[in-house]
Amino acid sequence: MLSSVAGGGKSTLIQKLRDKHPEILFSVSCTTRPPRPGDQEGVTYHFLTKEEFEKGISESAFLEWAVVHDQYYGTPSKFVEDAFAKGSSVIMDIDVQGAGIVRDKLPGRVVTIFILPPNEEEWERRLRGRGTDSEENILKRIRNGKLELSRRGEFDYQIVNDDLEGALRDLETIVLSGKKS
């Protein structure tokens, strides 16, 4: 499981890792947030209405779910269960709240990794550079991110994403070893 602050680079690292290792399955999360330019249904996220998401909650369809940045996000249980049943490795992009829930539900079966931006200035530059969020949303993500950063010690590994290729090498080593620190 990878977690990070918004703009920490986890999506880029996951994509590059999967380009090198397509056998590693990616758990596509569900969300109620609106699609951004370039998002693809079933690839980036499964985009659900609030009503659809809440129905999934009531039917226990999520391994974990949380409200993050005022939107629902969750991991579909069936995909993860089916992948594990086949002996496949799964990489999940999950917020800090969700990571704790999955760690508790699947003890000993997950390795947790927190991706850190190099510093606060670069982190803010990345958030603003996306060009997809309002100033209000960026400030909310920074406030929430500071709380998420305070929980990075709960993870098995921490990778500073200050050099993309170096961070990718570190991630690849951890994921392929499948071992906790």
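Quick caveat: nothing in here was measured; it's all calculated off a predicted structure.

Let's shift gears to the UniProt feature "binding site: ATP" (unreviewed entry) in the protein. The UniProt feature table records "binding site: ATP" (unreviewed entry) at Ser4, Val5, Ala6, Gly7, Gly8, Gly9, Lys10 and Ser11. The annotated residues named above include Ser4, Val5, Ala6, Gly7, Gly8, Gly9, Lys10 and Ser11 as those lining the largest pocket. Within the secondary structure, Ala6 sits in the loop between strand 1 (2–4) and helix 1 (10–20). Relative accessible area serves as the criterion here: at 8%, Ala6 is assigned to the buried category.

So, about the pattern of salt bridges. This model, assessed by the stated rule, comprises 13 salt bridges. Across the pair Lys55 and Glu59 runs a salt bridge whose closest N-O atoms are separated by 3.4 Å. Here Glu59 falls in the exposed class, since its relative accessible area comes to 51%. Put simply, Glu135 and Arg128 hold a salt bridge, and the shortest N to O gap is 2.4 Å.

With that out of the way, let us pick up the sheet that holds strand 1. The pairing of strands in a sheet comes from backbone hydrogen bonds and takes either a parallel or an antiparallel form. The three strands lie next to each other as 1-8-9, forming an open sheet whose pairing is parallel. The outermost strands of the open sheet, each flanked by one partner alone, are strand 1 and strand 9 (157–160). The sheet shows a mean angle of 30 degrees between the axes of neighbouring strands, taken without regard to direction. Two strands pair when backbone bridges link them, and strand 1 and strand 8 (residues 113–116) are joined in this way by three bridges, in the parallel orientation. What sits directly across from Ser3, in strand 8, is Phe114. Sheet strands in contact with helix 1 are strand 1 and strand 8, and its direction is about 155 degrees off that of strand 1.

With their axes 11 Å apart at the nearest point, helix 5 (residues 120–129) and helix 6 (residues 135–149) run at an angle of 140 degrees to one another. Of the possible angle classes, the one that applies to helix 5 and helix 6 is oblique. For helix 5 against helix 6, the interelement crossing comes out right-handed. Here helix 5 contributes Glu120, Trp123, Glu124, Leu127 and Arg128 to the contact with helix 6, which in turn contributes Glu135, Ile138, Leu139, Arg141, Ile142, Gly145, Lys146 and Leu149. Here the contact of helix 5 with helix 6 is composed, by residue class, of six nonpolar, one polar and six charged.

Rules used throughout
- Per-chain numbering applies: the sequence of each chain, read as written, is numbered from 1 onward.
- Selection of residues for local features in this predicted model requires a pLDDT of at least 70, selection of side-chain atom pairs for listing and counting requires 80 or more, and totals for whole chains, interfaces and linings are taken over all residues.
- Excluding hydrogens and water, the side-chain figures rest on all heavy atoms present in the structure.
- UniProt positions are given in the numbering used here, feature names are shortened, and annotations may be inferred rather than shown by experiment.
- Only protein atoms enter the calculation, which uses a 1 Å grid: trapped sets of points that fit a 1.4 Å probe without letting it out are cavities, open sets showing protein on both sides within 12 Å along at least five of seven lines are pockets, and any residue with an atom within 4 Å of a point is a lining residue.
- Numbering of helices and strands starts at the N terminus; helices are DSSP runs of H or I of at least 4 residues and strands are runs of E of at least 2.
- Throughout this description, buried means an accessible area under 20% of the type-specific maximum (1.4 Å probe, protein chains only), exposed means over 50%, and partly exposed covers the range between.
- We count a salt bridge whenever a side-chain nitrogen from Lys or Arg sits within 4 Å of a carboxyl oxygen from Asp or Glu.
- In this description, strands pair whenever DSSP reports at least two bridges between them.
- Throughout, an axis means a line fitted to C-alpha atoms (over the contacting stretch in the case of helices), and angles, computed between N-to-C directions, take values from 0 to 180 degrees.
- When checking whether two residues touch, look at their non-hydrogen atoms; a contact exists if any pair is within 4.5 Å.
- Roughly parallel here means an angle under 35 degrees, roughly antiparallel means over 145, roughly perpendicular means 65 to 115, and every remaining angle is called oblique.
- By the definition used in this description, the sense in which the near helix is turned from the far one sets the handedness, with an anticlockwise turn below a right angle giving left-handed and a clockwise turn giving right-handed.
- Each residue is assigned to one of three groups, with Ala, Val, Leu, Ile, Met, Phe, Trp, Tyr, Cys and Pro labelled nonpolar, Asp, Glu, Lys and Arg labelled charged, and all others, Gly among them, labelled polar.

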